[in-house]
Amino acid sequence: WNVLPGSIERPYLDSARLATFAAVALAACLPATLWRSERRPWLYGWRIPAGRDWVWLAPLPVLAALPNRAWVPQEVQFQGPEAAAALGAIALAALASEFWFRGLVHGSLLVQSPVQRVGGPWFVSQPTWISALLFGLITVAASLFWVLAEPIPMLAAVEEFVLVFGASVIAGLVLGVVRERSLSVWPCIGIQVVAGVATAACWIALQGSPGIGELLP
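The numbers attached to residues start from 1 for each chain and follow its sequence in the written order. Local features in this predicted model are restricted to residues of pLDDT 70 or higher, and side-chain atom pairs are both shown and tallied only at a pLDDT of 80 or more, whereas totals for entire chains, interfaces and linings draw on every residue. Hydrogens are left out, water is left out, and the side-chain values use all remaining heavy atoms of the structure.

Right, let's talk about the side chain of Gln116 for a bit. In this description a helix means any DSSP run of H or I spanning at least four residues, a strand means any run of E spanning at least two, and both kinds are numbered starting from the N terminus. Note that Gln116 resides in the loop between helix H3 (80-110) and helix H4 (126-149). Type-normalised accessible area, obtained with a 1.4 Å probe on protein chains alone, sets the label of each residue: buried when under 20%, exposed when over 50%, and partly exposed for intermediate values. Classification of Gln116 by relative accessible area gives buried; the value is 4%. Polar contacts involving the side chain of Gln116 include one to the main-chain carbonyl oxygen of Phe123, which spans 2.5 Å. Filtering out sequence-adjacent residues up to four positions away, Gln116 remains in contact with Pro121, Trp122, Phe123, Val177, Glu180 and Arg181. Nitrogen and oxygen atoms within 3.5 Å of one another constitute a polar contact, given that in protein one can donate a hydrogen and the other can accept it, and given that sequence-neighbouring residues count only through two side-chain atoms. In this description, contact between two residues means that some pair of their heavy atoms is separated by no more than 4.5 Å.

Structure representation (C-alpha cells):
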C-alpha cells in the first residue's frame, strides 16, 4: 500500500512498507518539532543523555514489545541483505515513534506539568501518561492490518488488541521515565531498536518452531 506494486521483491516488501511509513512519519515530525521548539530542541529530548539510574529499566520495553507485530517486518529472514533491510526499517520505525511520542508529544507537555529530573524522585508524570496512552492507541491502530488479516488462532482479535494496547502503554510509561531521567530521546530510540530486533526474531523463531508455527499466521 505504500510502495508501488511490483517495485519491491517480496523478501523486502515488509521492510519497505515499514520504512516508508516511518520515513513519512519522520518527515512530518521533525519540522513540527523544530517549529514547536522555538530554538530549544533540548526540551524535546534532542540532546546527549544524562544520568545512569534509568539503565535498569531498559529490558522492560523490550519485553513489552514482544506481543506487538506492528513495528517490525513480518515476512523476512535475518540473513544477508534481507537482514540489513529489516534492521534499517526497524531503526527508522524506532526513530519515528520516539521522535513523535517521547519527543514532540512529551516535549509539548513538559513545561506544563512536574516531571522527573536526573537523580531526582521517581514518579510517573502527566506527560509520560499522555504520551504512553497515545503510543498505545497508535500501536493498536498500526496493528489492525496484521491482527485482522493474519489472526493468531490462539487469541481472538479483541484479545490481541487488548494485549498490544496494554503492553504498548507499559512500554510507553517506561520509555517516558527513561526520557525524563536521561533528558534525552536517544536512550529510548536505542531501546526501541533492540526491542524491534528482539520482536522480529521472536516472531520468526515462533513461526519456524514445530507445533507453535501451526498456531501463528
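Back to the text.
Mapped onto the elements of the fold, Pro73 is located in the loop between helix H2 (59-65) and H3. Contact partners of Pro73, with chain neighbours within four places excluded, come to Asp14, Ser15, Leu18, Ala86, Ala89, Ile90 and Ala200.

Within an α-helix, residues lying three or four positions from one another point in the same direction, as the helix has 3.6 residues per turn. Between its first and last C-alpha atoms H4 spans 35 Å; for 24 residues at 1.5 Å apiece the expected length is 34 Å, and the two agree. Bending of H4 peaks at approximately 45 degrees at the position of Ser143. Among the residues making up H4, those that are buried are Pro127, Thr128, Ser131, Ala132, Phe135, Gly136, Thr139, Val140, Ser143, Trp146 and Val147. An expected span of 1.5 Å times one less than the residue number is assigned to each helix. At any given residue, the bend is defined as the angle formed between two axes, one fitted to the seven residues that end at that position and one fitted to the seven that begin there.

With that settled, consider unusual backbone geometry. Where the residue is not glycine, phi is negative for most of them; where a peptide bond is considered, it is trans in most cases. At Arg39, a residue that is not glycine, the phi angle is positive and equals roughly 65 degrees. Here Arg39 shows up in the loop between helix H1 (10-37) and H2. We note that Leu183 has phi near 65 degrees; this positive angle belongs to a residue other than glycine. For Leu183, the location among the structural elements is in the loop between helix H5 (157-182) and helix H6 (186-207).

The end-to-end C-alpha distance of H3, which contains 31 residues, comes to 42 Å, matching closely the 45 Å that a straight helix rising 1.5 Å per residue would cover. Along its length, H3 shows its largest kink, about 30 degrees, at Phe99.

Below, the discussion takes up the confidence of the model for the chain. Within a predicted model, pLDDT stands for the predictor's per-residue confidence, ranging from 0 to 100. Averaged over the chain, the pLDDT score is 86; the fraction of residues at 70 or greater is 87%. Predicted confidence is poor over residues 1-5, with pLDDT under 50, and the contacts of this stretch with residues over four places away or in other chains come to ten contacts. Note on residues 209-216: pLDDT under 50 across the span, and 13 contacts to partners over four residues away in sequence or across chains.

The next thing to look at is the pattern of salt bridges. What makes a salt bridge here is a side-chain nitrogen of Lys or Arg within 4 Å of a carboxyl oxygen of Asp or Glu, nothing more. Counted under the stated rule, the structure contains three salt bridges. As a salt-bridge pair, Asp53 and Arg181 come within 2.6 Å of each other at their nearest N and O atoms. Of this pair, Asp53 sits in the loop between H1 and H2 while Arg181 sits in helix H5; the two residues are 128 residues apart in sequence, bridging distant segments of the chain. Judged by its relative accessible area of 24%, Asp53 is partly exposed. A salt bridge links Glu98 to Arg102; the shortest N-O distance between them is 2.8 Å. Of this pair, Glu98 and Arg102 both sit in helix H3, four residues apart, which is roughly one turn of that helix. An identical accessibility class is assigned to Glu98 and Arg102; each is buried.

Like-charged residues within 9 Å of one another, or nonpolar side chains (Val, Leu, Ile, Met, Phe, Trp, Tyr) within 5 Å, are grouped into patches, provided each residue has over 30% relative accessible area and no salt bridge. Calculation of accessible area relied on Shrake-Rupley with a 1.4 Å probe; when residues are assessed, cover is drawn exclusively from the protein chains displayed. A cluster of nonpolar residues, Val124, Trp129, Ile130, Leu133, Leu134 and Leu137, forms a patch on the protein surface that exposes about 490 Å² of accessible area. Among the secondary structure elements, Val124 is positioned in the loop between H3 and H4. Residue class for Val124 comes out partly exposed when judged on its relative accessible area of 40%.

With axes taken as lines fitted to C-alpha atoms, and helix axes fitted only over the stretch in contact, angles between N-to-C directions fall between 0 and 180 degrees. Direction vectors running N to C along H3 and H5 enclose 65 degrees, while the axes themselves pass 11 Å from each other. When the axes of H3 and H5 are compared, the crossing they make is right-handed. Of the residues in H5, those in contact with Glu98, Arg102, His106, Gly107 and Leu110 of H3 are Gly172, Leu175, Gly176, Arg179 and Glu180. Residues of the contact of H3 with H5, tallied by class, amount to two nonpolar, four polar and four charged. Left-handed describes a crossing in which the near helix is turned anticlockwise from the far one by less than a right angle; the clockwise case is right-handed. When residues are sorted by character, Ala, Val, Leu, Ile, Met, Phe, Trp, Tyr, Cys and Pro go into the nonpolar class, Asp, Glu, Lys and Arg into the charged class, and all the rest, Gly among them, into the polar class.

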